[in-house]
Structures are given as structure tokens and as C-alpha cells.
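What the coordinates show
Chain residues, written in single-letter form:
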Amino acid sequence: MQDTELLQKAREAQKNSYSPYSHFAVGAALLTKSGRVYLGTNIENASYGLSLCAERVAVFKAVSEGEKEFLKIAVVCPASEGVCRPCGSCLQAMREFAPDLTVIMANAKGEQETRTLRELFPYPFGL
Ligand SMILES: [Zn+2]
């Protein structure tokens, strides 16, 4: 699957964002080795600490469906300063399953950046 198609799927997921507190909608689309795509979006909560990022929603959906081998993930966010890089918690969660994951990041201004997970997170905990 081309990066542009995966980014488009992430934009579709972004529309389902539940972000009434930050107003910062994020979408993610995770491509697995089997060829399936799992979508995720950020889901916030009135008690902020319960909020969950789009990337981890997508990863946890995939794992809960029996998929543990991931090829790449696209992450999109609104127009912001630079692209939307996954937070440390999401990087650690992705690293658990896919150290060689390709991470495609884009924002609504058309900026785009592709990195490997190893570049973004070279020193994970416990792995
Ligand atoms: Zn995160």
C-alpha cells in the first residue's frame, strides 16, 4: 500500500476524533503484514489522564484482533508547527511489536515526514 493511501485512511480516522478538550484531532492508520489496516483516533476524557492517542488505539485494535506484525503507520494532525510525531508512550507501545516500523507523519498544511521507529525512539525501555 502506498503511503498516500495510508495517509488518506488516517485522515478518515481523524474525522472520528473525540477531542473536545484539546480540539486537536489526530488520526492514525496502521498497516499490518497481513495487509489489513487498523484505524485509530485520539479519544479524550473529562479526567484528562484517561485520554488515549490515535496511534495506540490503532495498535491495540490490531493486537486485539490477533495481529502483531506491523509494516507502517500513518499519523495525521491539524495544521500545526511541523508534523505530528507520536508521543513517547505510543513509541514505546509500537516498539513492543514492530521495531522496524515505518512512521509516516503529516499535518493539514501538507507537511510530511517519514522516519523509522528506531530513528524516533532509539532507546526503548526493556527491549
Ligand atoms: Zn501518543
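Predicted, not measured: the structure shown is a model, and the values here were computed from it.

All of the protein donors around the zinc ion are Cys53 (SG), Cys87 (SG) and Cys90 (SG); their distances to the metal are 2.3 to 2.4 Å. Overall, Cys90 belongs to the buried group, its relative accessible area being 0%.

All right, on to the environment of Ser80 then. Within the secondary structure, Ser80 is located in the loop between strand S3 (70–77) and helix H3 (88–97). It is 7.6 Å that separates the C-alpha atoms of Ser80 and Lys109, two residues lying 29 residues apart in sequence. Each residue touching Ser80, except ones within four places of it in the same chain, is listed here: Phe24, Asn107, Lys109 and Glu111.

Most of S3 sits out of view: seven of its eight residues are buried. In this sheet, S3 lies alongside strand S1 (residues 27–32) in antiparallel orientation, the contact comprising six bridges. Note on S3: the bridge partner recorded for Ala29 is Ala74. The β-α-β motif built from S3, the intervening H3 and the parallel element strand S4 (residues 102–107) has right-handed crossover chirality.

Conventions adopted
Residues numbered from 1 in each chain as written. Predicted model: local features only at pLDDT ≥ 70, side-chain atom pairs only at ≥ 80, totals over all residues. Heavy atoms only, no water. Donors = N, O, S within 2.8 Å, 3.2 Å for Na, K, Ca; no water. Buried < 20%, exposed > 50% of the residue type's maximum accessible area, 1.4 Å probe, protein only. Helix = DSSP H or I, 4+ residues; strand = E, 2+ residues; numbered from the N terminus. Contact = heavy atoms within 4.5 Å. Pairing = 2+ DSSP bridges. Right-handed = clockwise from strand over helix to strand, strands pointing away.

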